[in-house]
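# Residue-level structural notes
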Amino acid sequence: MTSAAAEISSPVGVVAGGGAMPFAVADSLVARGITPVLFPLRGACDPARVEKFRHRWISVGQLGRAMRLFREEGCRDLIFIGTLVRPSLSEIRFDVKTLRLLGNVIRAFRGGDDHLLSGVGRILEQDGFRMVGIKDVAPDLLMPEGCISRAWPNDNSKTDIERGRAVLAALGPFDIGQAAVVIDGHVVAVEDIEGTDALLARVARLREEGRIRAATGRGVLVKAPKSGQDLRFDLPTIGPRTLEGVAKAGLAGIAVIAGNTIAAEPQAMIAFADAKYLFVIGLPA
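Residues numbered from 1 in each chain as written. Predicted model: local features only at pLDDT ≥ 70, side-chain atom pairs only at ≥ 80, totals over all residues. Heavy atoms only, no water.

This brings us to the side chain of Ser-28. Along the chain, the position of Ser-28 falls in helix H2 (residues 21–31). The residues contacting Ser-28, other than those within four sequence positions of it, are Val-137, Ala-138 and Asp-140. (Helix = DSSP H or I, 4+ residues; strand = E, 2+ residues; numbered from the N terminus. Contact = heavy atoms within 4.5 Å.)

Now the structure itself:
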């Protein structure tokens with residue numbers, strides 16, 4: 001348990017983007033006897049699924065309103081979770097509070113997703129809130145160390161994993177992406193702004209076009225946080241959809257950093273991996 005986890009105060013505010021993870025975090029909090037209050041982002045969060053929880057809708061650029069709602073709900077501790085397509089500054093309608101902080105907001109937008117989230121987090125912390133991460137509020141959602149699948153990486157895959165980790169460590173300071181595909185020692189693709197699903201689709205297309213000649217069942221998707229990243233924000237995530245992309249890309253499996261990667265819908269992920277004889281392994285940090 002982290003020191004922040006020991007001090008978590010109920011209720012916890014869950015600033016919810018898209019995908020299933022905000023609801024998994026909320027369910028995890030409920031299971032531990034902590035009340036979640038969801039603050040779904042308009043245009044990102046699923047409006048049907050959010051109805052299960054106490055919630056207050058917020059919008060990007062409305063920091064003043066968001067802070068008021070956080071206080072009304074008694075949420076000192078906040079977590080950002082879920083996907084969000086970053087809008088351009090020209091598309092955002094700022095409220096008065098955000099306009100007063102515009103210099104800080106613009107600085108937060110000048111960089112990758114981790115830079116943006118940590119920048120907004122600092123603004124909120126200066127206003128008396130405390131930003132927490134998955135490790136603090138829902139550690140059960142993190143990838144454990146070791147293989148969770150029946151299949152294990154062979155020596156060839158282990159070499160590819162090490163190459164992938166080295167590449168991601170080198171790219172981390174540039175805040176480019178959190179994933180790379182390595183096949184037989186060759187780095188064939190690196191994650192960009194489109195995300196992991198698009199990365200895997202690109203590898204599948206390269207195979208179809210004959211640009212990748214390695215046999216099916218070779219190669220690894222490696223995911224890792226960026227070096228120097230604030231681990232409260234934007235952790236790498238894998239789930240059943242990731243495994244489907246790995247299968248279509250003809251790879252042997254996935255390697256991620258244990259304790260620093262979110263494992264969404266783990267039972268469904270394991271079932272798919274075992275059916276396709278793919279490995280899923282959590283590496284020591």
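All buried positions along helix H3 (residues 63–72) are accounted for by Leu-63, Gly-64, Ala-66, Met-67, Leu-69 and Phe-70. Just beyond H3, the residue with positive phi is Gly-74, at close to 75 degrees. (Buried < 20%, exposed > 50% of the residue type's maximum accessible area, 1.4 Å probe, protein only.)

Taking strand neighbours across the sheet as the criterion, the four strands line up as S2-S1-S3-S4 in an open arrangement whose pairing is parallel. The sheet terminates laterally at strand S2 (36–40) and strand S4 (130–131), the two strands that pair on one side only. Looking at chain direction, strand S1 (residues 12–16) and S2 are connected through five bridges and run parallel. Following the sheet pairing, Gly-13 is matched in S2 by Val-37. (Pairing = 2+ DSSP bridges.)

By the definition in use, this model includes four aromatic pairs. Look at Phe-23 and Phe-53: their rings are 6.4 Å apart centre to centre, the planes differ by 15 degrees, and that puts the pair in the stacked class. With Phe-23 in helix H2 and Phe-53 in the loop between S2 and H3, the pair connects residues that are 30 residues apart, well separated along the chain. An aromatic cluster is built from Phe-39, Phe-70 and Phe-129, whose rings are joined through pairwise contacts. (Phe/Tyr/Trp six-rings, centres within 6.5 Å; stacked < 30°, edge-to-face > 60°.)

Next up on the list: the packing of helix H9 (residues 196–208) against helix H10 (residues 240–248). Packed helices, taken two at a time, are described by their axes: the angle between them and the distance between them. Here H9 crosses H10 at 15 degrees, and the two axes come no closer than 8 Å. In terms of orientation, H9 lies roughly parallel with respect to H10. For the element pair H9 and H10, the recorded crossing hand is left-handed. On H10, the residues touching Thr-196, Asp-197, Leu-200 and Ala-204 of H9 are Arg-241, Thr-242, Gly-245, Val-246 and Lys-248. When its residues are assigned to classes, the contact of H9 with H10 shows three nonpolar, three polar and three charged. (Axes fitted to C-alpha atoms, helices over the stretch in contact; angles between N-to-C directions. Parallel < 35°, antiparallel > 145°, perpendicular 65-115°, else oblique. Left-handed = near helix turned anticlockwise from the far one by under 90°. Nonpolar A, V, L, I, M, F, W, Y, C, P; charged D, E, K, R; others polar.)

Let us now look at unusual backbone geometry. Excluding glycine, a negative phi dihedral is what most residues carry, and trans is how most peptide bonds are arranged. Following Ser-10, the chain continues to Pro-11 via a peptide bond in cis, the omega torsion being 5 degrees. Inspection of the secondary structure assignment puts Pro-11 in the loop between helix H1 (3–6) and S1. Backbone geometry at Asp-184 places phi at a positive 50 degrees, although glycine is not the residue there. Structurally, Asp-184 can be placed in the loop between strand S6 (179–183) and strand S7 (186–190). In this structure Asp-184 comes out as partly exposed when scored by relative accessible area, which is 31%. Here the phi dihedral of Glu-265 falls at roughly 45 degrees; this positive angle occurs in a residue that is not glycine. Relative to the assigned elements, Glu-265 resides in the loop between strand S11 (262–263) and helix H11 (266–276).

For strand S12 (residues 279–283), the tally of buried residues reaches five of five residues, placing the bulk of the element in the interior. Here strand S10 (residues 253–257) runs beside S12; their pairing, made up of five bridges, is parallel. Within the sheet, the bridge partner assigned to Ile-257 lies in S12 and is Leu-283.

Right, let's talk about the nonpolar core for a bit. Of all hydrophobic cores here, the largest spans 26 residues; its most connected members are Val-25 and Val-137. Looking at this core, the elements that each hand over two or more residues are S1, H2, strand S3 (77–81) and helix H7 (134–137). Here this core takes five residues from H2, the largest share from any one element. Leaving out residues up to four positions away in the same chain, Val-137 has contacts with Ile-8, Val-12, Val-25, Ser-28, Leu-29, Arg-32, Ile-79 and Val-132. (Core = buried A, V, L, I, M, F, W, Y, C linked by side-chain atoms within 4.5 Å.)

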